[in-house]
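Understanding the architecture of this molecule
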Amino acid sequence: MTLLVTINGIGMESKEVLPPVLPSSSSEPPPLFDGTTRLYISYVCPYAQRAWIARNYKGLQDKIHLVPIDLQDKPAWYKEKVYPPAKVPALEHNNEIRGESLDLLKYIDTHFEGPPLFPNDPAKKEFAEEMLAFTDKFGTAVISYLKGGSESEMSAAFDKLEEALSKFDDGPFFLGQFSAVDIAYAPFVQRFQPLLLELKNYDITAVRPKLAAWIQEMDKIDAYKQTKWDPQELTSIFKKRVLGIH
């Protein structure tokens with residue numbers, strides 16, 4: 001199936017044809033280190049989604065080519081020739097391969113043109129680093145609760161997001177204006193919100209108006225909307241792979 005997404009970058013609106021997921025055993029590797037910049041992703045991976053959003057927001061659809069793979073059936077050449085950890089995302093640029101989603105947000109921002117993902121304001125820079133450092137703890141608290149762990153830790157993690165969204169008053173995002181911090185959290189909130197409602201009858205927005213408004217504003221960001229997959233498929237995958245629910 002051919003997938004089309006609307007691109008509202010700098011310039012005219014156009015359509016991006018998303019490449020199909022590469023079949024594992026029968027796929028050949030792309031011509032590596034031929035000068036083409038490639039972003040290796042999975043369409044359903046939240047970590048890869050971070051780099052994908054950044055690429056879209058900076059208007060780099062023509063400069064960074066997507067190479068989608070199936071994480072459950074990865075081509076052997078991906079680990080052998082591209083990225084030995086065999087994780088996504090990975091970026092092929094300037095004859096080197098780089099990984100780790102938060103590192104790639106910074107790399108893409110500093111090495112490519114387009115709207116900035118990080119602020120110049122010192123206070124916002126410091127807060128951005130604080131919030132990026134919290135992402136792992138946030139995810140761990142929510143997943144632990146979904147597996148039967150502490151509700152108070154999960155709730156406190158979302159309360160921290162609510163508090164963070166109140167820090168700057170020049171916009172509805174974590175740093176006021178849209179930034180890499182929003183990109184870092186959006187793929188996970190996108191998955192956690194329906195999972196918590198379905199499995200725990202827990203509404204993350206019930207007493208968190210700033211978070212509710214942030215989710216609504218994120219859904220207006222074209223660069224993010226272009227990466228959103230079918231929510232039922234995402235929750236099904238998450239339940240199977242992370243929670244062990246079949």
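Residues numbered from 1 in each chain as written. Predicted model: local features only at pLDDT ≥ 70, side-chain atom pairs only at ≥ 80, totals over all residues. Heavy atoms only, no water.

Under the annotation held in an unreviewed UniProt entry, the chain carries the name glutathione transferase and is attributed to Carnegiea gigantea. Per UniProt, the chain has the following entry under Sequence similarities (unreviewed entry): "Belongs to the GST superfamily. Lambda family." Under the UniProt heading Catalytic activity (unreviewed entry), the note attached to the chain is "RX + glutathione = an S-substituted glutathione + a halide anion + H(+)". (UniProt positions renumbered as here; feature names shortened; annotations may be inferred.)

1. Digging into the overall build of the chain
From N to C terminus, the chain includes 9 helices and 6 strands. Here the C-alpha radius of gyration of the chain, 18 Å, is about what a compact globule of 246 residues would show, namely 18 Å. Principal axes of the C-alpha set define a box for the chain whose edges measure 50 × 45 × 30 Å. Considering only contacts within the chain whose residues lie at least 6 apart along the sequence, 68% involve residues at least 24 apart. Per element, the accessible surface of the chain, about 12100 Å² overall, is 50% carbon and sulfur. A gap of 2 Å separates the mean positions of the 28 positive and 34 negative side-chain charges of the chain. (Helix = DSSP H or I, 4+ residues; strand = E, 2+ residues; numbered from the N terminus. Rg over C-alpha atoms; globule rule 2.2 N^0.38 Å. Contact = heavy atoms within 4.5 Å. Areas by Shrake-Rupley, 256 points an atom, 1.4 Å probe, with all protein chains shown as cover. Lys, Arg positive; Asp, Glu negative; His and termini not counted. Charge placed at Lys NZ, Arg CZ, Asp CG, Glu CD.)

2. What about the side chain of Gln49?
Within the secondary structure layout, Gln49 lies in helix α1 (residues 46–57). Note on Gln49: relative accessible area 1%, which makes it buried. Looking at Gln49, its side chain comes within polar contact range of the side chain of Gln190, at 3.0 Å. Beyond its immediate chain neighbours, meaning those up to four positions away, Gln49 contacts Pro187, Gln190, Arg191, Tyr224, Thr227 and Lys228. (Buried < 20%, exposed > 50% of the residue type's maximum accessible area, 1.4 Å probe, protein only. Polar contact = N/O pair within 3.5 Å; in protein donor to acceptor, adjacent residues only side chain to side chain.)

3. Overview of the nonpolar core
Of all hydrophobic cores here, the largest spans 78 residues; its most connected members are Tyr78, Phe138, Phe158, Tyr185, Leu196 and Trp214. It is helix α6 (residues 180–200) that provides the largest number of residues to this core, a total of 11 residues. (Core = buried A, V, L, I, M, F, W, Y, C linked by side-chain atoms within 4.5 Å.)

4. Quick word on the pairing of strand β6 (residues 96–99)
Two faces make up the sheet, and in a regular strand the side chains alternate between them. Two elements, strand β5 (residues 90–93) and β6, share 4 bridges in a ladder whose sense is antiparallel. Across the sheet, the residue bridging to Glu92 is Ile97, located in β6. Where β5 folds back on β6, the antiparallel hairpin that results is connected by 2 residues, among which Asn94 adopts a positive phi of roughly 55°. (Pairing = 2+ DSSP bridges.)

5. Some words on the UniProt feature "domain: GST N-terminal" (unreviewed entry) in the chain
Per the UniProt entry, the sites bearing "domain: GST N-terminal" (unreviewed entry) are residues 35–116 in this numbering. Each end of residues 35–116 is marked by a C-alpha atom, and these two atoms are 24 Å apart; helix forms 37% of the span and strand 20%.

6. Observations regarding the sheet that holds strand β4 (residues 65–68)
The strand order β4-β3-β5-β6 describes an open sheet built from 4 strands, whose pairing is mixed. Two strands lie at the open edges of the sheet, namely β4 and β6, each paired on one side alone. Mean inter-strand twist for the sheet, computed between neighbouring axes without regard to direction, equals 25°. Those strands touched by α1 are β3 (38–41) and β4, and its axis lies near 145° from that of β3. Along the sheet, helix α3 (residues 101–111) makes contact with β5 and β6, crossing β5 at roughly 30°. (Axes fitted to C-alpha atoms, helices over the stretch in contact; angles between N-to-C directions.)

7. Points about α6
Taking 1.5 Å of rise per residue, the 21 residues of α6 would be expected to cover 30 Å, and the 29 Å separating its terminal C-alpha atoms lies within 8% of that figure. Maximal helix bending in α6 amounts to about 35°, located at Ala186; proline Pro187 follows within four positions. Burial runs high along α6: 15 of the 21 residues are buried. Note on α6: the residue one or two positions beyond its end, Asn201, has a positive phi of about 55°. (Expected span 1.5 Å × (residues − 1). Bend = angle between axes of the 7 residues up to and from the residue.)

8. With respect to the packing of helix α5 (residues 151–164) against α6
Any two packed helices are characterised by how steeply their axes cross, that is the angle between the axes, and by the distance between the axes. Relative to each other, α5 and α6 sit at 135°, their axes nearing to 13 Å. One element, α5, and the other, α6, form an angle in the oblique class. Here α5 runs over α6; the crossing is left-handed. Mapping the contact onto sequence places Met154, Phe158 and Leu161 in α5 and Tyr185, Val189, Phe192 and Leu196 in α6. Looking at side-chain class alone, the contact of α5 with α6 contains 7 nonpolar, no polar and no charged residues. (Parallel < 35°, antiparallel > 145°, perpendicular 65-115°, else oblique. Left-handed = near helix turned anticlockwise from the far one by under 90°. Nonpolar A, V, L, I, M, F, W, Y, C, P; charged D, E, K, R; others polar.)

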